[in-house]
Amino acid sequence: MIFSRRPADPATRLMHRTLSRVRGHFLRSVAWAALRQSAFLAMPWLLGRAVDAGVQAGSPRGALLYGGAFLAAACVEYAGTRGWQLWAALADNRAGTWLRTRLLTAILAVDTDTLQRRTGTFGDLTTRATRDVDTVIVWIHGLTTWVVIGLTALVLVPAVAGLDPLLLLVAAATVPVLLVVNRVFPPLFGRRAEHLAAAHGARGSAAEQLLSALLPLRGVGADHLLVERHHRHSTEVTRATKRLASVSSVWEAVAFAVPLLAVTAGLLVGGLAVADGRITVGALTTFVLWMGTVSLAVNAMIARLGDFAEARVAADRIARVLELPEPARPYVGLPGRDVLRVDGLTVRRPDRAVVGPLTLTAAPGEWVVLTGPTGSGKSTLLRAVAQLVPASGTAAYGEVPLARLDPEQLYALVGFVPEGPLLLHGTVTENLLLPGDRPAAEVAAAAHTAGLDLALAQLSDGLDTQVGERGWALSGGQRQLVTLARALLRDSPVLLFDDVTSALDAATEAAVLDRLRAATADRIVLFATHAPAVRARADREITLAAPPVSGTRGTAAATPTAPGTGQTTATLPAPAAPPAPEQEPLHG
Ligand SMILES: Nc1ncnc2c1ncn2[C@@H]1O[C@H](COP(=O)(O)OP(=O)(O)OP(=O)(O)O)[C@@H](O)[C@H]1O
């Protein structure tokens, strides 16, 4: 049974699971489609009967009777088609929503390194959530057609045999040819569909980079490279589309021609049978019309096989993201205010120097600064504490390992502000309230602590200022402070700040840090920065050693130093190892 068998490979398993989510809608569409096809198949028979027995010279009775019967069949056909398409559309819509939700849930439950390993780039990930999901739902939409095809075969085999066994033989001669055709083409079609999906993913990435990096690269005169890269990938999509279309067009044309050849043969054989008096003209009419229906059914079958091949490729791409670990279950018994314990936290990445180990304990009210040379791993370790990159060692709040928390609990406990502030199109307030609604007084307090009154002083709309796409209508410092205020609003007992004051002038930075220090008297703050102003206000400082030269194993031991001194015990930094390219290089 289509819903109960457990298929082996992840793509087919995902397709089955998606279908079983919309079982009710699908079965309704099947019922309506069966009704429609029954009426559709009855029409040639009615026509044949009308020719043979119904329509007679001198009497309108037969014409009226068969005309009425034909109209009734047409009405049933209309109602059936409507019900079929309606339920199929509802099924595919619901399936698409379910798949996209699963995809988003899986993405949110996983760290960025793992996600990147599985999907390559964010542009490609977007393609999986859009084009690939759409491809799967096209398959779901078309699935009902198989019932129509099956019903056609079920009805027409005995019906054609009833007209004349010789006609059935002619119709049956098409089957082996069709089987061969449908064995030769699908593997080739599948390979080319796979190539096309990959080309779409690469173009999605290029489009994403074009939009996000155009401004910075225009500054160095490299924007044309992004445009060229997008163009190159578009050309590849066009090429892959043409290659797929060339297979599918031959496949479809050959498969469609076979039943038409059978009609030709049937006309000859049937015509001779009419001449012999073995069958009537009406029966021959019915046969020819039915073979027309067979042509349509074969055509639909080829289209559905193509949909299936493409959907398998798309489902495989989606399944590779969904294979990510299941989200953690909510942890019961979360402590109130407690200490943050980081023990031997180490990040290992292929072809990169080891980052860490980091070991520290911080109590509520403490500010700990993580400092060290460029590339020493400050941001990486902060992300590892926030569970955003996979790491060995532990980070725990009290006795609760952060790795065991579900995302909701983790984000309630740990607020992380990355180095590059990202805002969404809308007002400052809307950006502050992205994590959820908060009372106006709390918004005002967080905005004040983050120094938005200072940073937005020259903007007449204040917190109602439109920030523009990705916040580009604000200055770098303003953007940093909005993201800082947004994190403060979450009231998390642990705050991780990655160089969040790097774009501020000295006076604003000092004012913001003083307010922040006062507002976080009962919170743990971990700062990754070189900024002297932050280091001067910290209780403790941990200095990471310089990253080792590429190819060697890391020895980035963390060295604690005296509280508030701003002094480090690190030796002079060695030159940072150049990072291995992760994506297509910009040159060439
Ligand atoms: N997603 C990633 N995949 C692989 N390697 C990464 C990734 N992110 C960072 N790295 C590498 O980890 C190392 C540490 O980078 P990180 O950003 O943590 O340094 P940092 O000390 O914060 O530097 P800076 O002071 O410049 O902000 C670098 O060699 C970097 O190339």
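By convention here, each chain's residues receive numbers from 1 onward along its written sequence. Local features in a predicted model are, by the rule used here, given only for residues with pLDDT of at least 70; side-chain atom pairs are given and counted only at 80 or more, and totals for whole chains, interfaces and linings are based on all residues.

Caption draft 1: Quick peek at the overall build of the protein. A tally of helices and strands in the protein yields 18 helices and ten strands. Once C-beta atoms are placed from the backbone, each residue is buried if 20 or more other C-beta atoms lie within 10 Å of its own, exposed if 12 or fewer, and partly exposed for counts between those two. Scored against the burial criterion, the 588 residues of the protein give a buried share of 37%. In this description a helix means any DSSP run of H or I spanning at least four residues, a strand means any run of E spanning at least two, and both kinds are numbered starting from the N terminus.

Caption draft 2: Structural view of the UniProt feature "transmembrane region" (unreviewed entry) in the protein. UniProt positions are given in the numbering used here, feature names are shortened, and annotations may be inferred rather than shown by experiment. Taking the numbering used here, the UniProt-annotated feature "transmembrane region" (unreviewed entry) corresponds to residues 136-160, 166-185, 253-275 and 281-302. Along residues 136-160 one finds 96% helix and 0% strand; the C-alpha atoms at either end are 36 Å apart.

Caption draft 3: Representation of the nonpolar core. By convention in this section, buried Ala, Val, Leu, Ile, Met, Phe, Trp, Tyr and Cys residues joined through C-beta atoms within 7 Å make up a nonpolar core. If you look at the biggest cluster of nonpolar residues, it comprises 70 residues, and the most contacted ones within it are L370, V385, A485, L496 and F527. Counting residues per element, this core draws most heavily on helix α16 (residues 476-488), which supplies six residues. Here the contact rule is simple: place C-beta atoms from the backbone, and any two residues whose C-beta atoms are within 7 Å are in contact. Beyond its immediate sequence surroundings of up to four residues, L370 is in contact with K378, L381, L382, L526, F527, A528, I542 and L544. Counting 62 residues, the second-largest nonpolar core is a separate cluster that includes A88, A91, A193 and I318.

Caption draft 4: Main features of the pairing of strand β6 (residues 414-417). Of the two faces of β6, the one holding V414 and F416 and the one holding G415 and V417 are both buried throughout. For two strands to count as paired, DSSP must find a minimum of two bridges between them. Examined bridge by bridge, β6 and strand β7 (residues 494-498) share four bridges and lie parallel to one another. Bridge pairing links G415 to L495 in β7.

Caption draft 5: Main features of unusual backbone geometry. One non-glycine residue, D491, adopts positive backbone phi at about 60 degrees. Locating D491 in the fold gives a position in the loop between α16 and β7. The class of D491 is partly exposed, set by 13 C-beta atoms lying within 10 Å.

Caption draft 6: Structural context of helix α7 (residues 165-172). Inspection of α7 places L167, V170 and A171 among the buried residues, and these make up the whole buried set. Burial along α7 is one-sided: seen end-on, the buried residues are contained in an arc of 100 degrees. To obtain the arc, one takes the directions from the helix axis to the C-beta atoms.

Caption draft 7: Quick peek at the environment of H16. By the secondary structure assignment, H16 is in helix α1 (residues 10-21). H16 sits in the partly exposed class, given 17 other C-beta atoms within 10 Å. Along the sequence, H16 and I140 sit 124 residues apart, while their C-alpha atoms lie 10.0 Å from each other.

Caption draft 8: Region of the structure containing the packing of helix α6 (residues 144-163) against helix α10 (residues 281-322). What counts as an axis is a line fitted to C-alpha atoms, over the stretch in contact for a helix, and the angles between N-to-C directions run from 0 to 180 degrees. Interaxial distance between α6 and α10 falls to 10 Å at its minimum, and their mutual angle equals 155 degrees. With respect to α10, the axis of α6 lies roughly antiparallel. The two elements α6 and α10 meet at a crossing, and its hand is left-handed. Contact residues: T145, W146, I149, T152, L156, V160 and L163 in α6; A283, T286, F287, W290, T293, V294, A297, A300, M301 and R304 in α10. For this classification, Asp, Glu, Lys and Arg are treated as charged, while Ala, Val, Leu, Ile, Met, Phe, Trp, Tyr, Cys and Pro are nonpolar and the rest, including Gly, are polar. Of the residues belonging to the contact of α6 with α10, the class tally is twelve nonpolar, four polar and one charged. Angle categories: roughly parallel below 35 degrees, roughly antiparallel above 145, roughly perpendicular from 65 to 115, and oblique for all the rest. Working rule for handedness: look at the near helix, and if it is turned counterclockwise from the far one by less than a right angle, call the crossing left-handed; if clockwise, right-handed.

Caption draft 9: Representation of α6 in the model. Expected helix span is given by 1.5 Å per residue-to-residue step, counting one fewer step than there are residues. Over its 20 residues, α6 runs 29 Å from end to end, which matches the ideal 28 Å to within 8%, given 1.5 Å per residue. By the largest-angle criterion, L156 marks the main kink of α6, which is about 30 degrees, and a proline, P158, follows within four residues. Those residues of α6 that fall on the buried side of the exposure criterion are T144, V148, L151, T152, L156, V160 and L163. Fitting axes to the seven residues that end at a residue and to the seven that start at it, the angle between those axes gives the bend at that residue.

Caption draft 10: Local environment of the sheet that holds strand β1 (residues 340-347). Across the sheet, four strands lie side by side as β2-β1-β4-β5; this open sheet has antiparallel pairing. Sheet topology places β2 (355-362) and β5 (400-401) at the edges, where each strand pairs with a single neighbour. As paired elements, β1 and strand β4 (residues 392-397) share five bridges and run antiparallel to each other. Bridge pairing links D343 to T394 in β4. Each of β1, β2 and β4 touches helix α11 (residues 378-385); the most contacted strand, β1, lies at about 125 degrees to it.

Caption draft 11: Structural detail: the environment of R383. Residue position: R383 is located in helix α11. Look at R383 and you get buried, because 23 C-beta atoms sit within 10 Å. Each C-alpha atom, one on R383 and one on L496, is 8.5 Å from the other, the two residues being 113 residues apart in sequence. Setting aside anything within four residues of it in sequence, one finds R383 in contact with L388 and V389.

Caption draft 12: Just the confidence of the model for the protein, in detail. As a per-residue quantity, pLDDT reports the predictor's confidence and falls between 0 and 100. Averaged over all residues, the pLDDT of the protein is 83; the fraction at 70 or higher stands at 89%. Ranking the elements of the protein by mean pLDDT puts strand β10 (residues 558-561) last with 50 and strand β8 (residues 524-528) first with 96. Below a pLDDT of 50 lies the segment residues 551-557, which in the model reaches 16 contacts outside its immediate sequence neighbourhood of four places, other chains included. Between residues 560-588, whose pLDDT stays under 50, and residues either more than four places distant or in other chains, the model counts 44 contacts.

Caption draft 13: The packing of α1 against α10, seen in detail. α10 packs onto α1 with a crossing angle of 95 degrees between their chain directions and a minimal axis gap of 8 Å. Compared by their axis directions, α1 and α10 come out roughly perpendicular. The residues of α10 that touch α1, namely those facing P10, A11, T12, L14 and M15, are A311, R312, A315, D316, I318, A319 and L322.

Caption draft 14: Summary view of the environment of P187. Structurally, the position occupied by P187 is in helix α8 (residues 174-219). When the C-alpha atoms of P187 and A309 are compared, they prove to be 8.3 Å apart, with 122 residues separating the residues in sequence.

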